[in-house]
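Chain by chain, the residues:
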Amino acid sequence: MKKILAFLVALAAGFYAAAQSISLPPSGDNQKSTVTQWIGPVSVTIDYSSPNVHAPNGDDRKGHIWGELVHYGFIDQGYGTSKAAPWRAGANENTVITFSNDVKIGGEKLKAGKYGLFLDVEKDGPWTWIFSKTSDRWGSYYYDPKDDALRVKTTPEDAEYTEYLTYSFTDREPNSSVAFLQWENKRVPFKIEVPNVNELYVEKIRGELMGNRMGFDYTPWMDAAQFCAQNKINLEEALTWADNAISGTFIGREDFASLQTKALVLYAMKRDAEADAVMDKAIKLPTAHVPDVHQYGRSLLAAGKSQKAMEVFKLNRQLHPDDTFTTYVGLARGYTALGDKKNAIKNWEIAIKNIPDNQKPNLPAYEAEVKKLKGGA
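Keep in mind that this is a model prediction, so the values were computed, not measured.

Cut-offs applied
Residues numbered from 1 in each chain as written. Predicted model: local features only at pLDDT ≥ 70, side-chain atom pairs only at ≥ 80, totals over all residues. Heavy atoms only, no water. Axes fitted to C-alpha atoms, helices over the stretch in contact; angles between N-to-C directions. Helix = DSSP H or I, 4+ residues; strand = E, 2+ residues; numbered from the N terminus. Parallel < 35°, antiparallel > 145°, perpendicular 65-115°, else oblique. Contact = heavy atoms within 4.5 Å. Expected span 1.5 Å × (residues − 1). Buried < 20%, exposed > 50% of the residue type's maximum accessible area, 1.4 Å probe, protein only. Polar contact = N/O pair within 3.5 Å; in protein donor to acceptor, adjacent residues only side chain to side chain. Pairing = 2+ DSSP bridges. Salt bridge = Lys/Arg side-chain N within 4 Å of Asp/Glu carboxyl O.

Trainee: Would you mind showing me how to read the packing of helix α6 (residues 256–268) against helix α7 (residues 272–282) here?
Mentor: When two helices pack together, their arrangement is given by the angle between the helix axes and the distance between those axes. It is the contact of α6 with α7, at a shortest axis distance of 8 Å, that shows an interaxial angle of 170°. Regarding the angle of α6 to α7, the classification is roughly antiparallel. Contacts from F256, L259, Q260, K262, A263, L266 and Y267 of α6 reach α7 at D272, E274, A275, D276, V278, M279, K281 and A282.

Following this line, the structure appears as structure tokens:
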């Protein structure tokens, strides 16, 4: 009888707290908590109430959480309309999870929105996360399987002791993360994926470029085009963004950076001849500094275009005769790639002789290049 009375008092206190406008402590001292994780441009928020392993009266409930305080399976809790309710995956009101965009949970599609989050805890076999389209009820007393949007199997894992029921995220990748509930000695995960994360970035970028702040600066247009080129996505529109950075009304600026951006998009579109022509123009501009041209040459080497890279390194030396280090490093790397060890050694030695202070930490690496060339000469 005492247990029944205590249950009814706690239940009533919870309902009255929810109905009243005054601020009262949460039922059972189960403090409210919120955690948000971004997966790219997608936000995932979990709102929950967090009970302790130790009861409000101080009782130590270690070893009595899973299968006792948290019931196994679906049960009749003696209140509400549900006769087969899962665990509320928290305390007090619904645990609620909100997705700003469509996602996949455990490989299954789930629409953007707000969901009640429940957990079917089993003594043997897998547990099941339940995402319910009803998220505004108290606990699971009114749970109805007809409202299920998704059920996903999970395997509980042993974990370090956690006094307070906690939700968090791990294994955070650009397009996925693993959410988990951790309490006492268990961790219960589910994987969230955003398979179209780059498309969502493009959608946001497209809107942002129309904003007043973004629209009158050529840098965001370059950043947008470069993002698309790097990810090989939305390339036709990216090319228009690159062109706008070069020649758009009020914002256009033809310099090494903007031309290189257009070339990156063209390379991603496999229009290499056009990209090469754009870069030939870019490296001859007064705004093309020695490091800019040098790095372009190195990118050509990385792409296996050694002859083209050599042409770029020679032009860099020709256009910037006052530079006595980087231009010679470029020639040395170019001759090395072409197998001309004699000229490679010659240019390395000139570069090393003129090494600036900020490059001296790299001197052992440069000397090693010369040693390697002489050893095989």
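Text resumes after the structure shown.
Trainee: How do you make sense of helix α4 (residues 218–231) when you look at a structure like this?
Mentor: For an α-helix, 3.6 residues make a turn, and residues three or four places apart therefore share a direction. Counted at 1.5 Å a residue, the expected span for α4 with its 14 residues is 20 Å, and the 21 Å between its end C-alpha atoms agrees. Along α4, the residues classified as buried are Y218, P220, W221, M222, A224, A225, F227, C228 and A229. For α4, the side-chain oxygen to backbone nitrogen distance between the N-cap and T219 is 3.1 Å, and the N-cap itself is D217. One or two positions beyond α4, positive phi appears at K232, with a value near 50°.

Trainee: What's the story with the pairing of strand β6 (residues 113–120) in this structure? I'm lost.
Mentor: Both faces of the sheet carry side chains from a regular strand, because those side chains alternate between them. Buried residues dominate β6, accounting for six of its eight residues. Pairing geometry for strand β3 (residues 95–99) and β6, over five bridges, is antiparallel. Across the sheet, the residue bridging to I97 is Y115, located in β6. As defined by bridge partners, β6 adjoins strand β7 (residues 127–132) across five bridges and the pair is classed as antiparallel. Bridged to G116 within β7 is S132. Turn length for the β6-β7 hairpin, with the two strands adjacent in sequence and antiparallel, is six residues, and the turn residue G125 shows positive phi of about 90°.

Trainee: Help me understand the side chain of H320, please; the structure alone is not making it clear to me.
Mentor: One can find H320 in the loop between α9 (306–319) and α10 (326–338). In contact with H320, not counting residues within four places along its chain, are A288, V290 and T327.

Trainee: Could you clarify how one ought to interpret the pattern of salt bridges in this entry?
Mentor: Opposite charge on two side chains permits pairing when their charged atoms draw close. A complete count under the given rule lists 16 salt bridges for this structure. D148 is the partner of R151 in a salt bridge, and the nearest nitrogen-oxygen pair spans 2.7 Å. In this structure R151 comes out as partly exposed when scored by relative accessible area, which is 42%. Residues R206 and E237 are paired through a salt bridge, measuring 2.8 Å at the closest nitrogen-oxygen approach. With R206 in helix α2 (residues 197–209) and E237 in helix α5 (residues 235–247), the pair connects residues that are 31 residues apart, well separated along the chain. For R206, a relative accessible area of 34% puts it in the partly exposed group. When its relative accessible area of 23% is taken as the criterion, E237 is described as partly exposed.

Remember, this is a structural readout, not a statement about activity or role.
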